[in-house]
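# Descriptive structure summary
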Amino acid sequence: MRMTAVVLMLGLLTAAGCRETDDSHRRSQYLMGTVVTITVAGLDRDDADRAMNAAFEEIRRLEGILTFFSEDSDLGRINAAAGERPVGVSAETIEVLAEARRISDRSGGAFDATIGPLVSLWGFEVKERFVPPKEEIERARTLVNWRNMAVDPELGTVRLERRGMKVDLGGIAKGYAADRAAETLRKHGVSRALVAVAGDIRAVGEKAVGVAWHVGIQHPREPGAVLGSLKIADRSVSTSGDYERYFIKDDVRYHHILDPATGRPAAASRSATVLAPTTTLSDALSTAAFVLGPEKGIALVRSVPGAEAIIVDREGRVHVTPGLAGKVEGLAS
Ligand code: AMP
Ligand code: MG
């Protein structure tokens, strides 16, 4: 299901008339549990390949540091030491956790990187498809609180204050990886590229002189259809949706974006798309805006310089920030 956003995006690049020019090269790899697609324009094949290889390698390296699923990753070690001691971690982990804390603060905790106990309980990762008992949701919920995560940039350490706490960077790490991959491409002489880590997309420069990159936004209820499309250059866009990982039981859709306030799947939105200067920011903000829903979500995004949003609410109504009014192509309402 995670593939839809990427496949759709690629389809749209063609459908929208932004066909690959002769000098553009595209490759995909399966990394961070999803499909990563990099498109490079303006270089010959050998130079583009070298740059793309380096960018994929950078994402693989970050996955090794930030994954929730390994005991040896920075995250695995932080989580294993919860309630016991601070853990020394890489500069990258400090950077992404510091940004996660800022967004947690700004969003009043709608985004919370200590969501791990709830994510594990709901078990979307292991395909256990049942609604956990109320008491267990409550117990996990009391462990979720970013204020109990101490990040010390000077010492390079992270400490979780309570036993059982767990950091999960599913809502921000793909965006961070897209930013780092974009940086790697630039270091290799790339000035035009699109990096898509599933629904977290970073545009480096324009596609060609005067031609922006064209990105489709997945329709949350019509697989393979677009809600609308955006033109971006040197900017990032991320979408969070309730259609990516979910199960339906007794006519209720249970999906993977959880509201820390209730411990249950957030119910106010179908999808939230955020544009921002970096993908780290657009990724975290899209998750936060999804949880907050149209009113508070739009207010949050408006408070962040350079950010814009499109939120589809639970009834399917579309809300956009004033800066995007009239700029989303094909938007029905
Ligand atoms: P995204 O698709 O970027 O919105 O990220 C969703 C992923 O982020 C989930 O699969 C969880 O790993 C994690 N997550 C779920 N709920 C939250 C939340 N409220 N705050 C931060 N991360 C979350
Ligand atoms: Mg996100």
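Our subject in this report is the structure included herewith. (Residues numbered from 1 in each chain as written. Chains lettered and ligands numbered in written order. Predicted model: local features only at pLDDT ≥ 70, side-chain atom pairs only at ≥ 80, totals over all residues. Heavy atoms only, no water.)

Around ligand 1, a shell composed of 18 residues is seen, among which A110, S240, H256, L258 and T287 lie nearest. Between G170 and ligand 1, the recorded distance is 3.4 Å, taken from a backbone N or O atom to an oxygen atom. In the environment of ligand 1, an oxygen atom lies 3.0 Å from a nitrogen or oxygen atom belonging to the backbone of G171. Considered on its own, ligand 1 offers 500 Å² of accessible surface; in the complex 98% of this is hidden by protein. By residue number, the principal contributor to the shell around ligand 1 is helix α8 (residues 279-292), which donates three residues. For the shell around ligand 1, the class distribution of residues is eight nonpolar, five polar and five charged. A domain split of the shell around ligand 1 shows at least three residues from each of domain 1 (13-62 + 173-324) and domain 2 (74-160). (Near = heavy atom within 4 Å. Polar contact = N/O pair within 3.5 Å; in protein donor to acceptor, adjacent residues only side chain to side chain. Areas by Shrake-Rupley, 256 points an atom, 1.4 Å probe, with all protein chains shown as cover. Helix = DSSP H or I, 4+ residues; strand = E, 2+ residues; numbered from the N terminus. Nonpolar A, V, L, I, M, F, W, Y, C, P; charged D, E, K, R; others polar. Domains from an automatic or database assignment.)

Let us look at the packing of α8 against helix α9 (residues 294-302). For any two helices packed against each other, the geometry comes down to the angle between their axes and how far apart the axes lie. Running from N to C, α8 and α9 cross one another at 150°; their axes reach a closest spacing of 6 Å. Regarding the angle of α8 to α9, the classification is roughly antiparallel. Between α8, through L285, A288, A289 and L292, and α9, the contact on the second element is made entirely by P294, K296, G297, L300 and V301. Grouping the constituent residues of the contact of α8 with α9 by class yields seven nonpolar, one polar and one charged. (Axes fitted to C-alpha atoms, helices over the stretch in contact; angles between N-to-C directions. Parallel < 35°, antiparallel > 145°, perpendicular 65-115°, else oblique. Contact = heavy atoms within 4.5 Å.)

Below, the discussion takes up the pattern of salt bridges. In the structure shown here, the tally under the stated rule is 22 salt bridges. Residues D49 and R45 are paired through a salt bridge, measuring 3.5 Å at the closest nitrogen-oxygen approach. Of this pair, D49 and R45 both sit in helix α2 (residues 45-66), separated by four residues, roughly a single helical turn. One salt bridge in this structure joins R50 and D47, with 2.7 Å as the shortest N-O distance. Linking R50 with D47, this pair stays in helix α2, spanning three residues, or about one helical turn. A cluster of three or more residues bridged by salt bridges with shared partners is formed by E58, R61, E92, E95, R180 and E183. (Salt bridge = Lys/Arg side-chain N within 4 Å of Asp/Glu carboxyl O.)

Attention now goes to the layout of surface pockets. Its boundaries defined by the atoms lining it, the second largest pocket holds a volume of some 200 Å³. Every residue lining the second largest pocket is counted, 13 residues in all, and those nearest its centre are V252, R253, H255, A266 and A267. Sorting the residues of the lining of the second largest pocket by element identifies β12 (252-255), β14 (264-265) and β15 (269-276) as the ones contributing at least two each. With four residues, β12 is the largest single contributor of residues to the lining of the second largest pocket. Of the residues in the lining of the second largest pocket, the class split is five nonpolar, two polar and six charged. (1 Å grid on protein atoms, 1.4 Å probe; cavity = no way out; pocket = protein on both sides within 12 Å on 5 of 7 lines; lining within 4 Å. Points joined across faces, edges and corners; volume = space filled by probe spheres on them.)

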